[in-house]
Amino acid sequence: MKSGRLVVIVGPMYSGKTSELLSYVEIYDLGKKKFKAFKPLIDNRYEDTYIVSHNKTKVNAIPISKPEEILKNIDGDEKAIFIDEIQFINENLKDVVITLRKNGVDVYCSGLDLTFKNNVFPTTSVLMSYADEVIKKKAVCHECGEYTGTISYKIVEDEKGEIDVGGFEKYIAVCRDCYTKLNKKKEESKKMNRLF
Ligand SMILES: Nc1ncnc2c1ncn2[C@@H]1O[C@H](COP(=O)(O)OP(=O)(O)OP(=O)(O)O)[C@@H](O)[C@H]1O
Ligand SMILES: Cc1cn([C@H]2C[C@H](O)[C@@H](CO)O2)c(=O)[nH]c1=O
Ligand SMILES: [Zn+2]
């Protein structure tokens, strides 16, 4: 059997990862080829049973909490599988995706490559390594306006850790230089707060 293809779409928030994923959905849809879409249960920003982009295009998606649920929810005759927000799914996703690809299914995944603390999201890293194609998207930097935004910056101060669902109220996308500048400013204001 001919192998499927694994395409992984990565980048910071607002870089158009979901929009790019949905543009591939449209290709299978127009070609009347069967597909299914999945998303992690944790991401409930918009609607539970849809993948929705920031510009509000959407497709029906099955919410999952474990990668194995993908295999349980397919019929076996799908030509493609789409998975959004892969950074929230555990690393066993790799085995599911590789099984699907071996069985001739094209798999399109999208997700964040880096946390706001500049650490990698392990599931995204692993899938990037196994991918046939990696598409790295950029956002417009919220600070300097250049089309060089490669990392997400958290604008609110809390102790919630690196998994924290949210949108414009919590995160912006920035370029490397602005990321360094904003973090330096944050550290300085913390130092000042400790002094007074
Ligand atoms: N700073 C920005 N740079 C680029 N696009 C932005 C920005 N802020 C808002 N947008 C809008 O967001 C759209 C992309 O949304 P999309 O949901 O596809 O991004 P995403 O990378 O999947 O984001 P997220 O990781 O937050 O889910 C763009 O088409 C644009 O209309
Ligand atoms: C940048 C970043 C985003 N997120 C969340 C915010 C959104 O709900 C989702 C990205 O679309 O990921 C995190 O949980 N941690 C992070 O470090
Ligand atoms: Zn910038």
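Residues numbered from 1 in each chain as written. Chains lettered and ligands numbered in written order. Predicted model: local features only at pLDDT ≥ 70, side-chain atom pairs only at ≥ 80, totals over all residues. Heavy atoms only, no water.

- Naming follows an unreviewed UniProt entry, where the chain appears as Thymidine kinase of Geotoga petraea.
- According to the UniProt record, the Catalytic activity (unreviewed entry) comment for the chain reads "thymidine + ATP = dTMP + ADP + H(+)".
- The UniProt entry for the chain carries the following text under Sequence similarities (unreviewed entry): "Belongs to the thymidine kinase family." (UniProt positions renumbered as here; feature names shortened; annotations may be inferred.)

1. Concerning the coordination of the zinc ion (ligand 3)
Then comes step 1: Bound to the zinc ion (ligand 3) are the protein donor atoms Cys-141 (SG), Cys-144 (SG), Cys-175 (SG) and Cys-178 (SG), situated 2.3 to 2.4 Å from the metal.
Then comes step 2: Sequence positions of the residues that donate to the zinc ion (ligand 3) give the spacing C-x2-C-x30-C-x2-C. With a gap of 37 residues between them, Cys-141 in the loop between strand E8 (133–136) and strand E9 (151–154) and Cys-178 in helix H5 (residues 176–195) connect regions that are remote in the sequence. Pair check on accessibility: Cys-141 and Cys-178 agree, each one buried. (Donors = N, O, S within 2.8 Å, 3.2 Å for Na, K, Ca; no water. Helix = DSSP H or I, 4+ residues; strand = E, 2+ residues; numbered from the N terminus. Buried < 20%, exposed > 50% of the residue type's maximum accessible area, 1.4 Å probe, protein only.)

2. Quick notes on the site of ligand 1
Then comes step 1: Taken together, 16 residues lie near ligand 1, and Lys-17, Thr-18, Ser-19, His-54 and Val-140 sit nearest.
Then comes step 2: At 3.1 Å from an oxygen atom of ligand 1 is found a main-chain nitrogen or oxygen belonging to Ser-15.
Then comes step 3: The separation between an oxygen atom of ligand 1 and a polar main-chain atom of His-54 is 2.7 Å. (Near = heavy atom within 4 Å. Polar contact = N/O pair within 3.5 Å; in protein donor to acceptor, adjacent residues only side chain to side chain.)

3. Digging into the environment of Asn-193
Then comes step 1: Relative to the assigned elements, Asn-193 resides in helix H5.
Then comes step 2: In the structure, Asn-193 is positioned 54 residues away from Ala-139 in sequence and 32 Å away in space, judged by C-alpha atoms.

4. Let's talk about the site of ligand 2
Then comes step 1: As a matter of local geometry, ligand 2 sits amid 17 residues, with Glu-85, Phe-116, Glu-162, Asp-164 and Gly-166 nearest to it.
Then comes step 2: In this structure, Gly-166 approaches ligand 2 through a main-chain N or O atom, which is 3.1 Å from an oxygen atom.
Then comes step 3: When isolated, ligand 2 has an accessible area of 400 Å², and the protein chains bury 98% of it.
Then comes step 4: A breakdown of the residues in the shell around ligand 2 according to their chemical character gives eight nonpolar, four polar and five charged. (Areas by Shrake-Rupley, 256 points an atom, 1.4 Å probe, with all protein chains shown as cover. Nonpolar A, V, L, I, M, F, W, Y, C, P; charged D, E, K, R; others polar.)

5. Quick look at a nonpolar patch on the surface
Then comes step 1: On the surface, a cluster of nonpolar side chains totalling about 420 Å² of accessible area is made up of Met-192, Leu-195 and Phe-196.
Then comes step 2: Along the chain, Met-192 falls in helix H5. (Patch = residues over 30% accessible without salt bridge, like charges linked within 9 Å, V, L, I, M, F, W, Y side chains within 5 Å. Salt bridge = Lys/Arg side-chain N within 4 Å of Asp/Glu carboxyl O.)

6. Considering the UniProt feature "binding site: substrate" (unreviewed entry) in the chain
Then comes step 1: According to UniProt, the "binding site: substrate" (unreviewed entry) feature falls on Ile-163, Asp-164, Val-165, Gly-166 and Tyr-171.
Then comes step 2: At a separation of 2.7 Å, a polar atom in the side chain of Asp-164 contacts the side chain of Lys-154.
Then comes step 3: Within the fold, Tyr-171 resides in strand E10 (residues 171–174).
Then comes step 4: According to the relative accessible area criterion, Tyr-171 is buried, its value standing at 6%.
Then comes step 5: Within the structure, Tyr-171 has its side chain in polar contact with the backbone oxygen of Asp-164 (distance 2.7 Å).

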